[in-house]
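The chain contents come next:
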Amino acid sequence: MVNRWRPATVVVMALLLAAAVYFLLPVVWVLVAATKSTADLFGTFGLWSPHPQLGANLGRLFGDGLFGRWILNSFLYAGAGALVATVLSAGAGYAMAKYPFRGREALFNLVLAGVLVPSTVLALPTYLIFSQAGLTGSFWSVLLPSIVSPFGVYLARIHANAAIPDALLESARLDGAGEYRIFFSIGLKIMSPALVTIFLFQFIGIWNNYFLPLVMLSDQNLYPVTLGLALWNSQTFRNPAFFELTVTGAAVSALLLVITMASLQRFWRAGLTAGSVKG
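Cut-offs used in this document
- Residues numbered from 1 in each chain as written.
- Predicted model: local features only at pLDDT ≥ 70, side-chain atom pairs only at ≥ 80, totals over all residues.
- Heavy atoms only, no water.
- Helix = DSSP H or I, 4+ residues; strand = E, 2+ residues; numbered from the N terminus.
- Rg over C-alpha atoms; globule rule 2.2 N^0.38 Å.
- Buried < 20%, exposed > 50% of the residue type's maximum accessible area, 1.4 Å probe, protein only.
- Areas by Shrake-Rupley, 256 points an atom, 1.4 Å probe, with all protein chains shown as cover.
- Lys, Arg positive; Asp, Glu negative; His and termini not counted.
- Charge placed at Lys NZ, Arg CZ, Asp CG, Glu CD.
- pLDDT = per-residue confidence, 0-100.
- Expected span 1.5 Å × (residues − 1).
- Contact = heavy atoms within 4.5 Å.
- Patch = residues over 30% accessible without salt bridge, like charges linked within 9 Å, V, L, I, M, F, W, Y side chains within 5 Å.
- Salt bridge = Lys/Arg side-chain N within 4 Å of Asp/Glu carboxyl O.
- Axes fitted to C-alpha atoms, helices over the stretch in contact; angles between N-to-C directions.
- Parallel < 35°, antiparallel > 145°, perpendicular 65-115°, else oblique.
- 1 Å grid on protein atoms, 1.4 Å probe; cavity = no way out; pocket = protein on both sides within 12 Å on 5 of 7 lines; lining within 4 Å.
- Points joined across faces, edges and corners; volume = space filled by probe spheres on them.
- Core = buried A, V, L, I, M, F, W, Y, C linked by side-chain atoms within 4.5 Å.
- Nonpolar A, V, L, I, M, F, W, Y, C, P; charged D, E, K, R; others polar.

### Concerning the overall build of the protein
Here's step 1: Within the protein, the regular secondary structure consists of 14 helices and 0 strands.
Here's step 2: A compact globule built from 279 residues would reach a C-alpha radius of gyration of about 19 Å, whereas the protein, at 24 Å, exceeds it by more than 25%.
Here's step 3: In terms of overall dimensions, the protein has a C-alpha envelope of 75 × 70 × 30 Å along the principal axes.
Here's step 4: Looking at the protein residue by residue over its 279 residues, the buried ones come to 37%.
Here's step 5: If you sum the accessible surface of the protein, you get close to 16300 Å²; carbon and sulfur atoms cover 70% of it.
Here's step 6: Charge-centre separation for the protein: the mean point of 16 positive side chains lies 7 Å from the mean point of 9 negative side chains.

Shown next as structure tokens:
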């Protein structure tokens, strides 16, 4: 009988278990803390809630409607921004992968350079540009910068280059299909696993983005949930009740992200192209 518990296997399993605990422990703490009062939050063990009051905390969280507006804003920024960014990345990546043109590699290298630039570096120039256009303080000042994803273009090109056979495209052209039809009927379907990945990465990046809304927005009704929770956290020194709101809001925000990823995971599968090329 083969011994499955070799020393190397045990070490790997122990490391994976330690990594899982490291990443999941903060999430568990937030979920437990969301059921506590302010007194229990600082006076009891972090992973235990002796007097759960989740219902009361949620009632206060959504009571005035401001947190619900922040959640809706985050879904609008992240959902619309990630969707448009995915479509643009798919078109740009597919074109760079399947259409040879002068300067293609130079353009792709420029896109790679964009991946390396931190978003915080671009926040101030973006603010100045939008200020000249009169868009600062508006919904568009957060949405428009979110529809550009250099990483998405990079991933779309790599996946299109590897997953879409040139012979398949030539076969479609011989059957009389136009380039747009080939892209929407064949290219997007084969690229769907990469597009879901791009959407998820962009969605999470926009949802967690704090600095850009901080620079662009002044109206609390336009805040995303990250900026709103930071605002509440800054007020805890005046009113400790904001600790409950901040922690409960963070738990709700984290759960919404988990639900979104779980709901999209079923689309995360490779497309089958066997038999699609004419013999």
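### Quick look at the confidence of the model for the protein
Low pLDDT means the predicted atomic positions in that stretch should not be read closely.
Here's step 1: The predicted model of the protein has a mean per-residue pLDDT of 87, with 94% of residues at 70 or higher.
Here's step 2: Mean pLDDT values over the elements of the protein span from 85, in helix α2 (residues 38-43), up to 94, in helix α4 (residues 66-98).

### Structural notes on helix α11 (residues 192-208)
Here's step 1: Taking 1.5 Å of rise per residue, 17 residues should cover 24 Å, and α11 covers 24 Å from first to last C-alpha, within 8% of that figure.
Here's step 2: Of all 17 residues that make up α11, 12 are buried, and the element is covered over most of its length.
Here's step 3: For α11, the complete set of buried residues consists of P193, A194, L195, V196, T197, I198, F199, L200, Q202, F203, I206 and W207.
Here's step 4: Packed against the buried residues of α11 are α4, α7 (140-146), α8 (150-163), α10 (179-190), α13 (225-234) and α14 (241-264).

### Observations concerning a nonpolar patch on the surface
Here's step 1: A grouping of L17, V21, L24, L25, V28, W29, F45, L47 and W48 is seen on the molecular surface, where their side chains present a nonpolar patch of about 920 Å² in accessible area.
Here's step 2: Following the sequence through the fold, L17 ends up in helix α1 (residues 7-33).
Here's step 3: Using a relative accessible area of 57% as the deciding quantity, one classes L17 as exposed.

### Concerning the packing of α11 against α14
Here's step 1: It is the contact of α11 with α14, at a shortest axis distance of 11 Å, that shows an interaxial angle of 170°. Classified by the angle their axes make, α11 and α14 are roughly antiparallel. Packed against α11, whose contacting residues are V196, F199, L200, F203, I204, W207 and N208, the element α14 presents S253, L256, L257, T260, M261 and L264 at the interface.

### Describing the layout of surface pockets
Here's step 1: Taken as a whole, the largest pocket spans an internal volume of roughly 730 Å³.
Here's step 2: If you go around the largest pocket, you meet 23 residues; those closest to its centre are S119, P145, V148, P150 and Q202.
Here's step 3: Secondary-structure elements contributing two or more residues to the lining of the largest pocket are α5 (104-116), α6 (119-133), α7, α8, α11 and α12 (211-216).
Here's step 4: In this model, the second largest pocket occupies a volume close to 270 Å³.
Here's step 5: Secondary structure elements with two or more residues in the lining of the second largest pocket: α4, α10 and α11.

### Some remarks on the nonpolar core
Here's step 1: Ranked by size, the top nonpolar core spans 30 residues in total, and within it F67, W70, F203, W207, V225 and W232 carry the most contacts.
Here's step 2: Those elements that place two or more of their residues in this core are α4, α11, α12, α13 and α14.
Here's step 3: The dominant element in this core, judged by the number of residues it contributes, is α4, at 7 residues.
Here's step 4: Those residues in contact with F203, other than ones at most four positions away along the chain, are F75, A78, G79, A82, L257 and T260.
Here's step 5: Grouped together as the second largest cluster of nonpolar side chains are 16 residues, A90, A156, A172 and I190 included.

### With respect to empty space enclosed by the protein
Here's step 1: For the structure on display, the rule yields 1 cavity of 30 Å³ or more.
Here's step 2: In this structure, the largest cavity encloses a volume near 50 Å³.
Here's step 3: In terms of lining, the largest cavity is formed by S74, Y77, A78, V142, S146, I206, W207, N209, P213 and P224.
Here's step 4: Secondary-structure elements contributing two or more residues to the lining of the largest cavity are α4, α7 and α11.
Here's step 5: The leading source of residues in the lining of the largest cavity is α4, at 3 residues.
Here's step 6: Considered class by class, the residues forming the lining of the largest cavity number 7 nonpolar, 3 polar and no charged.

### Structural notes on the environment of L116
Here's step 1: Its place among the elements puts L116 in helix α5.
Here's step 2: Taking the C-alpha atoms as reference, L116 lies 30 Å from P165; in sequence the two are 49 residues apart.

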